[in-house]
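The residues making up each chain are set out below.
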Amino acid sequence: QVQLVESGGGLVQAGDSLRVSCVASGRSFSTYNMGWFRQAPGKEREFVAAITKNGGRTTYADSVKGRFTISRDNVKDTVYLQMNSLKPEDTAVYYCAADSLRYNPVLRTDQSGYSYWGQGTQVTVSS
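Residues numbered from 1 in each chain as written. Predicted model: local features only at pLDDT ≥ 70, side-chain atom pairs only at ≥ 80, totals over all residues. Heavy atoms only, no water.

Caption draft 1: Representation of the state of the cysteines within the structure. Within this structure, the stated rule accounts for 1 disulfide. A disulfide bridge connects Cys22 with Cys96, and the sulfur atoms are separated by 1.9 Å. Of note, the bridge from Cys22 to Cys96 carries an S-S torsion of about 45° and is right-handed in sense. Taken together, the positions of Cys22 in strand E3 (residues 18-26) and Cys96 in strand E9 (residues 92-99) put the pair 74 residues apart, joining distant regions of the chain. For Cys96, a relative accessible area of 0% gives the class buried. (Disulfide = S-S within 2.5 Å. Helix = DSSP H or I, 4+ residues; strand = E, 2+ residues; numbered from the N terminus. Buried < 20%, exposed > 50% of the residue type's maximum accessible area, 1.4 Å probe, protein only.)

Caption draft 2: Here's a closer look at the packing of aromatic side chains. Applying the stated criterion across every chain, the model contains 4 aromatic pairs. An aromatic cluster of three or more residues is present, and its members are Phe37, Phe47, Tyr114 and Trp117. The ring of Tyr95 has Arg45 sitting right over it, with the charged end atom 5.0 Å from the ring centre. One Lys or Arg, Arg45, reaches over the ring of Trp117 and ends 3.8 Å from the middle of that ring. (Phe/Tyr/Trp six-rings, centres within 6.5 Å; stacked < 30°, edge-to-face > 60°. Lys NZ or Arg CZ within 6 Å of the ring centre and 35° of its normal.)

Caption draft 3: Focus on the pairing of strand E8 (residues 78-83). Burial of E8 is extensive: 5 of the 6 residues sit out of reach of the surface. In this sheet, E8 lies alongside E3 in antiparallel orientation, the contact comprising 6 bridges. Along E8, the bridge assignment pairs Val20 with Leu81. Across 6 bridges, the pairing between strand E7 (residues 68-73) and E8 is antiparallel. Opposite Asp73, over in E8, you have Thr78 as the bridge partner. Counting the residues in the hairpin turn of E7 and E8 gives 4 residues, including Asp77, whose phi is positive at 55°. (Pairing = 2+ DSSP bridges.)

No statement about biological role is implied by the geometric values presented.
The following block contains the structure:
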């Protein structure tokens, strides 16, 4: 089992930056690929970014590519999402998630590939 707790959300203005964090506890964090997803009001939850267990490979949704950066610190059991040039359409609850499988060689972007989820942190971007 992996327990995940997000933090760092808040209210910012368009063009600002924000970093959200997700601390893991339980089984070996460094053996899991990690992902960030988000859900805006009235919309389905969608993929944002993912990173392999050693941080060597990342992938992003087209809507955030070039603005957001996912990273991780396996000593601190933490995954981060640095968000720059924020837009009102980035407003959502942001969730971190851990892959269903340890040592997965495939970096998943679909929610069904992730079994462990945090409670989410709200990010609101005003125009």
